[in-house]
Amino acid sequence: MSIDDFGGGQTAQSDVLVVTTNDVPGHQVQQVIGEVFGLTVRSRHLGTQVGAGLKSMVGGELKGLTKTLVETRNQAMERLVEQARARGANAVLAFRFDVTEAAGAGAEVCAYGTAVVLTRT
């Protein structure tokens, strides 16, 4: 597995800036569009669950589950960006993830933040 399997985030080419901060240095919020979110629910793969069960006996990272969660978070973030873009935003401020168990069958990942229109000052 490569480093790309265990990380995520935006590419430099994205037309919608996503930040965890409430403002962006050198920019001013011209319009607050409102909350946007991207949601996905992923079930656990049987092979991954068996491997995780075995690994839990000896300890260590559950790489299969880590990779699945990274893919899930990236998908939720892509959906957030699509929502922001569709509503006319060029940025999302106060970006966060929320991860919960979904009915014992998998993980629900929600990426959320505030869609805004930024201009350079």
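Residues numbered from 1 in each chain as written. Predicted model: local features only at pLDDT ≥ 70, side-chain atom pairs only at ≥ 80, totals over all residues. Heavy atoms only, no water.

## Quick notes on the pairing of strand β4 (residues 106-120)
The sheet contact formed by strand β2 (residues 27-43) and β4 spans 15 bridges and is antiparallel. Residue His27 lies in a different strand from β4, and its bridge partner there is Arg120. Relative to β4, strand β3 (residues 91-102) runs antiparallel, the two being bridged by ten bridges. Bridged to Phe97 within β4 is Ala111. Here β3 folds back onto β4 in antiparallel fashion, the turn holding three residues, of which Ala103 has a positive phi close to 55 degrees. (Pairing = 2+ DSSP bridges. Helix = DSSP H or I, 4+ residues; strand = E, 2+ residues; numbered from the N terminus.)

## Side note on the nonpolar core
If you look at the biggest cluster of nonpolar residues, it comprises 16 residues, and the most contacted ones within it are Val18, Val36, Leu80, Ala84, Val92, Phe95 and Ala115. Counting residues per element, the ones that place at least two in this core are β2, α2 (63-86), β3 and β4. Apart from residues lying up to four places away in sequence, Phe95 is in contact with Val18, Val19, Thr20, Met77, Leu80, Ala111, Tyr112 and Gly113. (Core = buried A, V, L, I, M, F, W, Y, C linked by side-chain atoms within 4.5 Å. Buried < 20%, exposed > 50% of the residue type's maximum accessible area, 1.4 Å probe, protein only. Contact = heavy atoms within 4.5 Å.)

## Details of the pattern of salt bridges
Scanning the entire structure with this criterion turns up two salt bridges. Measuring nitrogen to oxygen at the nearest pair gives 2.8 Å for the salt bridge that ties Arg85 to Asp15. Residue Arg85 is found in helix α2, and its partner Asp15 is found in the segment before β1 (17-18); the two are separated by 70 residues along the sequence. In this structure Arg85 comes out as partly exposed when scored by relative accessible area, which is 38%. Two residues, Glu71 and Arg42, come together in a salt bridge whose shortest N-O distance is 3.7 Å. (Salt bridge = Lys/Arg side-chain N within 4 Å of Asp/Glu carboxyl O.)

## A few points about the confidence of the model for the protein
The pLDDT averaged across the protein works out to 85; a share of 83% of its residues lies at or above 70. Looking across the protein, the model is least confident in helix α1 (residues 46-58), with a mean pLDDT of 54, and most confident in β1, with 97. (pLDDT = per-residue confidence, 0-100.)

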